[in-house]
Amino acid sequence: LKMSWFLFYLPLHLLMAACLCHSTKEPISGSQQSFKTNFFNFYHSLILADGKETTVHLLKDIPKRYYFILKEGRALAHFTVTVTPCDVPIEWSILVHKASASILEKAEKGEPYTQEVSTSQKTPSMVSTIFNYKGNSVETYMGMSSYSTLYIIEFLSTERDTHITVYLTTYMIPGHLYPELPMDPRIDVIGVGHTTVTLTWKHSPSVLQHRENIQYCLLVNEKHNYKSLCAAETAIRSSGMKLPPTLALSASPHLLEPQQVIILSNSELSIINKVSSGEVRQICMGTKNTYIVPNLTPSTQYYFDIFVVNLLTNASAAYTGAFARTLEQPELKVKEMKEGKVILVVLDRKTQKFYSLQYQARHKKIQFTLQVCHGQVWVHITKNGRTVASENISGLRYFSLKGKLLDTYLVQLRSTEESNCSVKIQVAPRFHKPLFPLLPESLKIKSFSKLRTCNSVTIAWLGTQKDSKYCVYKKRIEDDQDWMELQSADRCSGPESRHKSEKVLCKYFYDRNLQRAVTTETIKGLDTGTLYLFDVYLFEPPGIPVRYQSKVVKTRKSC
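All of these numbers come straight from a predicted model, not from anything done at the bench.

**Quick look at the environment of Leu229**
By secondary structure assignment, the location of Leu229 is in helix α5 (residues 229-238). The spacing of Leu229 and Val308 is 79 residues in sequence and 9.4 Å in space, taken between C-alpha atoms.

**A look at a positive patch on the surface**
Positive charge collects at one region of the surface, where Lys364, Lys365, Lys402 and Arg430 lie side by side. Tracing the sequence through the fold places Arg430 in the loop between β28 (421-429) and β29 (446-447).

**A look at unusual backbone geometry**
A positive phi angle, near 65°, is found at Asp61, a position not held by glycine. Topologically, Asp61 is positioned in the loop between β2 (52-58) and β3 (64-70). Accessibility expressed as a relative area gives 43% for Asp61, which makes it partly exposed. For Asn384, which is not a glycine, the phi torsion comes out positive at approximately 55°. Mapped onto the elements, Asn384 comes out in the loop between β24 (377-383) and β25 (386-393). On the basis of relative accessible area, Asn384 is assigned to the partly exposed category, the value being 48%.

**Some details on the confidence of the model for the chain**
With 75% of its residues at a pLDDT of 70 or more, the chain shows a mean pLDDT of 78. The lowest-confidence element of the chain is helix α1 (residues 12-18), averaging 35 in pLDDT; the highest-confidence one is strand β30 (residues 457-462), averaging 96. Under a pLDDT of 50 for its full length, residues 1-43 has, in the predicted model, 117 contacts with residues more than four places off or in other chains. The low-confidence segment residues 106-124 (pLDDT under 50) makes 26 contacts with residues lying over four places distant or belonging to another chain.

**Observations concerning the side chain of Ser493**
Relative to the assigned elements, Ser493 resides in the loop between α6 (482-488) and β32 (503-509). Residues contacting Ser493, with those up to four places away along its chain left out, are Tyr537 and Arg547.

**Points about the state of the cysteines**
Under the counting rule described, the total for this entry stands at five disulfides. The residue that forms a disulfide with Cys86 is Cys230, at a sulfur-sulfur distance of 1.5 Å. One quick way to see it: the torsion about the S-S bond of Cys86 and Cys230 is about 100°, and its sign makes the bridge right-handed. Of this pair, Cys86 sits in the loop between β4 (77-85) and β5 (90-97) while Cys230 sits in helix α5; the two residues are 144 residues apart in sequence, bridging distant segments of the chain. Assessed through its relative accessible area of 0%, Cys86 is described here as buried. Disulfide partner of Cys454: Cys559, at an S-S distance of 1.8 Å. What sets the handedness of the Cys454 and Cys559 disulfide is the S-S torsion sign, and at about 125° it is right-handed. Residue Cys454 is found in the loop between β29 and β30, and its partner Cys559 is found in the segment after β36 (551-554); the two are separated by 105 residues along the sequence.

Conventions adopted
Residues numbered from 1 in each chain as written. Predicted model: local features only at pLDDT ≥ 70, side-chain atom pairs only at ≥ 80, totals over all residues. Heavy atoms only, no water. Helix = DSSP H or I, 4+ residues; strand = E, 2+ residues; numbered from the N terminus. Patch = residues over 30% accessible without salt bridge, like charges linked within 9 Å, V, L, I, M, F, W, Y side chains within 5 Å. Areas by Shrake-Rupley, 256 points an atom, 1.4 Å probe, with all protein chains shown as cover. Salt bridge = Lys/Arg side-chain N within 4 Å of Asp/Glu carboxyl O. Lys, Arg positive; Asp, Glu negative; His and termini not counted. Charge placed at Lys NZ, Arg CZ, Asp CG, Glu CD. Buried < 20%, exposed > 50% of the residue type's maximum accessible area, 1.4 Å probe, protein only. pLDDT = per-residue confidence, 0-100. Contact = heavy atoms within 4.5 Å. Disulfide = S-S within 2.5 Å.

Next comes the structure, spelled out in structure tokens:
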């Protein structure tokens, strides 16, 4: 059943005779009797498009009316109206006028109609209200009629000027303009941390049926939840910034305002807006229905809204919003660093998330030296509050930095593993005597499988351009100790912690050509089919010895 658009061509007096509409000074919330008895201002009404979304702008306290007609057919005529408030609550009603068949028939033929409207046509019985709503939620009304009927929809905003969207269809099957919501449209908060919140939600049936044209978009803000994508966009715009056409953000580039940051990674599009009431984030993550919101502020209340968006039509449906408060960040104890002094830090994930050290520069060029003794450590260095280095480290690492006198550096350390970690750290001027020896390009020990025998193995390691001392140690281990020995090895401990019987040899070597700075040693007198742990220590007095990465080698069982 299709809508008739013939009223576009009716003369004004015929429109007034066929349809009645109340005065624009009367609010909807009052008695609908005024609407029925003053039904002569129909020329103030507009025709409502069928099968598409219409944006309607409302002025405060001034009603706006639209109309459409259902034609009589062999079967019942159906229609669906969906109204989405984009800001403040509004009032809207659907009224039906039972226009006589002769009027509709003449109008369809385009014949002029000059007969006076009878008194019976002006009676309230010809006009009735079939639906009335007040609020800011998305509402849908479905109706039907067995005869030709004229419907009038009236909208009113009593708070301030605003706009809404209206979608009308008179087809039996509404189509897929709006994505469907699941039976349970709630967002579940399944995890809360200091800077993250984990969300999950049930899949939209539209995603399962039309995956390539549907995606989920998340809105994060610190103010309140929004009941529609339209309302969210309006709120952000009212803060004084421009937005891309929709939060659906079909990853096409847009010109961003200075207070906007756009991030595209791992098929996720994020836009961060800086507003007076905090940050507003828009994240579109495709069709996955679990998401970890990162980089939040500790001890802050956030509101989360999920919208399922039809990329072809930009129409959307909103899940029921959720909110959560991030955990409070424990107060960090900051330890002052003294120039040239080595500090040993033990990190326990159970009792202390972070360990912080602070240093006020006495030189423009400084160097932080870190040697991880156990496990892996995340290090984050800031200068006057701005990040200058952030990474995971294991082994030995230098950070050479340049700044001004009295710059304040803050070093934060955190274990990345479940077990305890330890790290040595020193800060010193760049020209200061190095804490550690000059290091080769790699601290790995290589073994040669083809040179293994039943009682010997051959190992090799890289050296430097400086003549230095290298000592080799070996330790017999059992088969089930292989991984455990490597895990428990203290990379900060020197040869003094080893038993004298484990020492194999010490030697000096160097080469001006780094490509040739490599040496090999064949370790003899080993047992057949046995695992051995080999370590090499690099010495350069008076600095701290550096231990190469341990190597486990097994002698052959038969030769």
